[in-house]
Amino acid sequence: MTAATHFRTCPTTGLKIDRSAENLIKANAVVAVVFLLIGGLFGLSIALTRWPAVHLLPADWFYLALTAHGFDVLLAWIIFFEMAVLYFASAILLNSRIAAPRWGWAQFWLMLVGALMTNVAVLQGNSSVMFTSYPPLVAAPHFYLGLVLFAVGALIGCAVFFGTLVVARDEKTYQGSVPLVTFGAITAAIIAVFTLACGAIILIPTFLWSIGIISGVDPLMYKLVWWGMGHSSQQINVAAHVAVWYAIGAMVLGAKPISEKVSRMAFLMYILFLQLASAHHLLVEPGVSSSWKIFNTSYAMYLAVLGSMIHGMTVPGAIEAAQRAKGFNKGLFEWLRKAPWGNPAFAGMFLSLVMFGFLGGISGVVMGTEQINLIIHNTIYVPGHFHATVVAGTTLAFMAITYLLVPLIFRREVMFKKVAQWQPYVFGLGIAGISLFMMGAGTLGVPRRHWDITFADALSQFQFSPAAFLMLALNGLSAIVAAIGGAMYIIVVVCSVFLGRKIGDNEVVQLGPVSGAASAAAVARYGNEGTLKIPGTVVLVAVFFVSFVLYYFVNWKYLAEVWPLK
């Protein structure tokens, strides 16, 4: 392939696009959406089973669905899409050729084969070990082998990403430091290497155990190493979706960061501290010292949370500064009222930002506090929290940027524009309900892994309060709303990619209120930083802190009522 045919120039952004990288982005994004569909259907069936009045699935099918749902959405959907994000943030944003495209395809096929193997093992009915797969539960050998292949494929994708950064630097395809979005992707990839290595380290001996070569796996050792993957994989998501927030703000509104140095420092804090939050899964384990627990659930966690708080101010602050520069200066919130809420990319991004902060962030800090964790951890509060982070935060952000990738990468016009406009709101409403009502049920003591809280077939009966049944019913209704929003996304994206009007080679795409070329170019090189005159954002941050403090001390009150003194 000649240099002329190896690249195309995007008429909207002016970026040189490596066709090999473009094809890898397309392949990974399409497969990601397929796994979102599969995992979403399993998730809906789980919510309808938890709803006592419906109780859709029998016990064996419930745990099968729970295992498949966890893998397909927490790993397959998100990590396939993150591979697309890594290739976009390196080869595309840096105007570079992709390093070793054949290895990129090795990443894709290894991950796909591994994901299919794991799904087959689960659907065969003898691997219903749930997402955590704690020993002494044992799955079929190809369940673990599929996970290992998936992890190795993702590691290869990270290596291709880092190789592309080296190519771009050596060939001087960009000037100065890498763009902030690329820096965020580097953060995600560094955490991914640690995460996937932990997965391979613990899953290989577990695979050997499943085929009888070794006699067993120590459960505590398994949990300690496995959560290096299980929790840290969500930190990849946080770094990736924060990078997506910055990208969408720049591409739709031409938003510039208030301070690139501060934003980069916040990403760096993720690398140093964020994965340590996995400690909250081990707070009741006797084999881990109290000093380790206290350090990781206090000082280390506060530093990790500080990184997210910085992004929680700089992203809306950059948007406010960009809007005020356009003349939206009346009062505290004209910039927010006049934002492009009809643009699904912007709407999805801002809803992701708000729900990740208020629902996921606050609940995460509360749940990561050692004393409070003891009354929350094995309740349904925990999946309520990570639905706020991984679904309301990551999935909604990835959905949002898809509306920009379809015209820019797939060169297709987005179909069903009204459906696309409403999709982030429908999906966001459903996921907010799922998170809130699961956390509410968890606060009332509903267990996280039991398929029937009525305990109809148990020898010893236990009756939860009527409020718990109400919470699970509302969770089921919210899951239906979220499933409708997910179906809207999948229909719009699939139809657009395969049936949408082809965009001409020289046709400029309008991404937002700012001209397409000017706004999209901002993501590749921000230029001058934004203004610090952001009073509206300061008020929003103050509301967040007040909400956080109130909820934090409410949970200490719950803790005080666990052992009443009479």
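Given the structure is predicted, the values throughout are model-derived calculations rather than measurements.

The next subject is the overall build of the protein. Scanning the protein from N- to C-terminus turns up 19 helices and two strands. Along the three orthogonal principal directions, the C-alpha set of the protein runs to about 70 × 60 × 45 Å. Residue burial in the protein is summarised as follows: out of 566 residues, 60% are buried. Across the protein, every contact between residues at least 6 apart in sequence was considered, and the portion connecting residues at least 24 apart equals 83%. With an accessible surface of roughly 22,100 Å², the protein has 71% of that area assigned to carbon and sulfur atoms. Counting 31 positive and 20 negative side-chain charges, the protein places the centres of these two groups 9 Å from one another.

This part takes up the confidence of the model for the protein. The predicted model of the protein averages 88 in pLDDT, with 94% of residues at 70 or higher. Low pLDDT, under 50, characterises residues 524-528; the predicted model gives this stretch 18 contacts beyond four residues in sequence or across chains.

Let's shift gears to the domain arrangement of the protein. When the parts of a complex come together, some accessible area is lost, and that lost area is often used as the size of the interface. When the domains of the protein are assigned, the result is domain 1 (20-176), domain 2 (187-318) and domain 3 (340-502 + 532-566). Relative placement of domain 1 and domain 3: their C-alpha centres are 21 Å apart. Where domain 1 abuts domain 3, roughly 2,800 Å² becomes buried across the two surfaces, and 78% of that area is made up of carbon and sulfur atoms. When residues of domain 1 are sorted by the area they lose upon contact with domain 3, Arg-50, Trp-51 and Phe-81 head the list and together hold 22% of the total. There are zero salt bridges connecting domain 1 and domain 3. Where domain 1 touches domain 3, the interface holds four residue pairs in polar contact (both at pLDDT 80 or more).

Right, let's talk about the pattern of salt bridges for a bit. As enumerated under the stated definition, the model contains ten salt bridges in all. Among the salt bridges present, the one from Glu-22 reaches Arg-8, with a minimum N-O distance of 2.6 Å. One end of the pair, Glu-22, is in helix α2 (residues 19-50); the other, Arg-8, is in strand β1 (residues 7-9), with 14 residues separating them in the sequence. Since its relative accessible area comes to 5%, Glu-22 is described here as buried. Given the relative accessible area of 12%, Arg-8 is considered buried. Between Arg-97 and Glu-171 there is a salt bridge, with the nearest N and O atoms lying 2.9 Å from each other.

If you walk through the whole model with that rule in mind, you get 31 aromatic pairs. Seen in terms of ring centroids, Phe-71 and Phe-150 are 5.7 Å apart; in terms of plane orientation they differ by 65°. Their pairing is edge-to-face. Placement of Phe-71 in helix α3 (residues 59-92) and of Phe-150 in helix α5 (residues 141-170) is noted, with a sequence separation of 79 residues between them. The same class applies to Phe-71 as to Phe-150, namely buried. Here Trp-245 and Phe-356 contribute two aromatic rings whose centre-to-centre distance is 5.8 Å and whose plane-to-plane angle is 70°, an arrangement assigned as edge-to-face. Of the two residues, Trp-245 sits in helix α8 (residues 232-253) while Phe-356 sits in helix α13 (residues 344-367), which places them 111 residues apart along the sequence. What makes Trp-245 buried here is its relative accessible area of 2%. Of the aromatic side chains, those joined through ring pairs into one cluster are Phe-35, Phe-71, Phe-80, Trp-105, Phe-108, Trp-109 and Phe-150. In this arrangement the basic side chain of Lys-16 is found over the ring face of Phe-7, its NZ or CZ atom lying 4.5 Å from the centre. Here Lys-223 stacks its cationic end above the ring of Tyr-134, 4.7 Å away from the centre of that ring.

A volume near 440 Å³ is recorded for the second largest pocket. Lining the second largest pocket we find 20 residues, and of these Tyr-403, Val-414, Lys-417, Val-509 and Gln-510 sit closest to its centre. Residue assignment for the lining of the second largest pocket shows that the elements contributing at least two residues are α13, α15 (381-408) and α16 (417-443). Partitioned by chemical class, the residues of the lining of the second largest pocket number eleven nonpolar, five polar and four charged.

Note the cis peptide between Pro-135 and Pro-136, where omega equals 15°. Mapped onto the fold, Pro-136 is located in the loop between α4 (101-123) and α5. Here Ala-100, not a glycine, exhibits a phi torsion of approximately 50°, which is positive. Along the chain, Ala-100 turns up in the loop between α3 and α4. Of note in this structure, Phe-416 is not a glycine but carries a positive phi near 50°. Look at Phe-416 and you get partly exposed, because its relative accessible area is 40%.

Here Ser-210 is to be found in helix α6 (residues 180-210). Overall, the relative accessible area of 17% leaves Ser-210 in the buried class. Counting along the chain gives 302 residues from Ser-210 to Gly-512, while the straight-line C-alpha distance between them is 53 Å. Leave out the neighbours within four places in its chain, and Ser-210 touches Val-138, Ala-139, Pro-141 and Tyr-144.

The next point concerns the environment of Gln-463. Inspection of the secondary structure assignment puts Gln-463 in the loop between α16 and α17 (466-499). Judged by relative accessible area, Gln-463 falls into the exposed class, the value being 62%. Each C-alpha atom of the pair Gln-463 and Ile-453 lies 8.2 Å from the other, and the pair is ten residues apart in sequence.

What follows concerns α6. Its 31 residues give α6 an end-to-end C-alpha distance of 44 Å, which sits within 8% of 45 Å, the value for a rise of 1.5 Å per residue. Extensive coverage of α6 is indicated by the burial of 22 of its 31 residues. Of the residues flanking the end of α6, it is Gly-212, one or two places downstream, whose phi is positive at about 85°.

Turning to the state of the cysteines, a few remarks are in order. Applying the stated criterion across every chain, the model contains zero disulfides. Of all cysteine sulfurs in the structure, the one in Cys-198 sits closest to Cys-158, which takes part in no disulfide; the separation is 13 Å. Judged by its relative accessible area of 1%, Cys-158 falls in the buried class.

Over its 24 residues, α13 extends 32 Å from the first C-alpha to the last, a length consistent with the 34 Å expected when each residue adds 1.5 Å. A bend of about 35° at Phe-356 is the largest found in α13. In terms of residue burial, α13 counts as a mostly covered element, since 20 of its 24 residues are buried. With a side-chain oxygen positioned 2.9 Å from the backbone nitrogen of Ala-345, the residue opening α13 is Asn-343.

What counts as what
- Numbers given for residues are sequential positions, taken from 1 along each chain in its written order.
- With the structure being a predicted model, the display of local features is reserved for residues of pLDDT at least 70 and the display and counting of side-chain atom pairs for 80 or more, all residues being used for whole-chain, interface and lining totals.
- Side-chain descriptors were evaluated using all non-hydrogen atoms of the structure, hydrogens and water having been removed beforehand.
- For the purposes of this entry, the term helix denotes a DSSP run of H or I that reaches at least four residues, the term strand denotes a run of E that reaches at least two, and both are numbered from the N terminus.
- Categorising residues by exposure relies on relative accessible area from a 1.4 Å probe, with only protein chains included: less than 20% of the type maximum marks a residue as buried, more than 50% marks it as exposed, and the intermediate range marks it as partly exposed.
- Only heavy atoms matter for contacts: two residues are in contact if any of them lie within 4.5 Å across the pair.
- Accessible surface is estimated by sampling points in the Shrake-Rupley manner with a 1.4 Å probe; for residues, cover comes only from the protein chains shown.
- This count recognises Lys and Arg as positive and Asp and Glu as negative, with His and chain-terminal groups excluded.
- To locate a charge, the coordinates of NZ of Lys, CZ of Arg, CG of Asp or CD of Glu are taken.
- Each residue carries a pLDDT value, the predictor's own confidence for that position, ranging from 0 to 100.
- Where each domain starts and ends comes from a domain assignment, either automatic or drawn from a database.
- Throughout, the accessible surface (probe 1.4 Å) given up by two parts as they are put together, summed over both, is called the buried area.
- The term salt bridge refers to a pairing of a side-chain nitrogen on Lys or Arg with a carboxyl oxygen on Asp or Glu at a separation within 4 Å.
- In protein, a polar contact requires one atom able to donate a hydrogen and another able to accept it; more generally it is a pair of N or O atoms within 3.5 Å, and residues adjacent in sequence count only if both atoms are side-chain atoms.
- Working definition: rings of Phe, Tyr and Trp (its six-membered ring) pair if their centres are within 6.5 Å, and the pair is stacked with planes under 30 degrees apart, edge-to-face with planes over 60 apart, and tilted otherwise.
- Distance and angle both matter: a charge sits over a ring if NZ of Lys or CZ of Arg is within 6 Å of the ring centre and within 35 degrees of the ring normal.
- Site definitions follow a grid-based scheme: protein atoms alone, a 1 Å grid, a 1.4 Å probe that fits but cannot get out for cavities, and for pockets an open set with protein on both sides within 12 Å along at least five of seven lines, plus lining residues having an atom within 4 Å of a point.
- Grid points are joined across faces, edges and corners, and a volume is the space filled by probe spheres set on the points.
- The residue classification treats Ala, Val, Leu, Ile, Met, Phe, Trp, Tyr, Cys and Pro as nonpolar and Asp, Glu, Lys and Arg as charged. All others, Gly included, are polar.
- Here the expected length of a helix is defined as 1.5 Å per residue gap, with one fewer gap than residues.
- In what follows, a disulfide is any cysteine sulfur pair within 2.5 Å.
- Bend at a residue means the angle formed by two fitted axes: the first through the 7 residues ending at that position, the second through the 7 residues beginning there.

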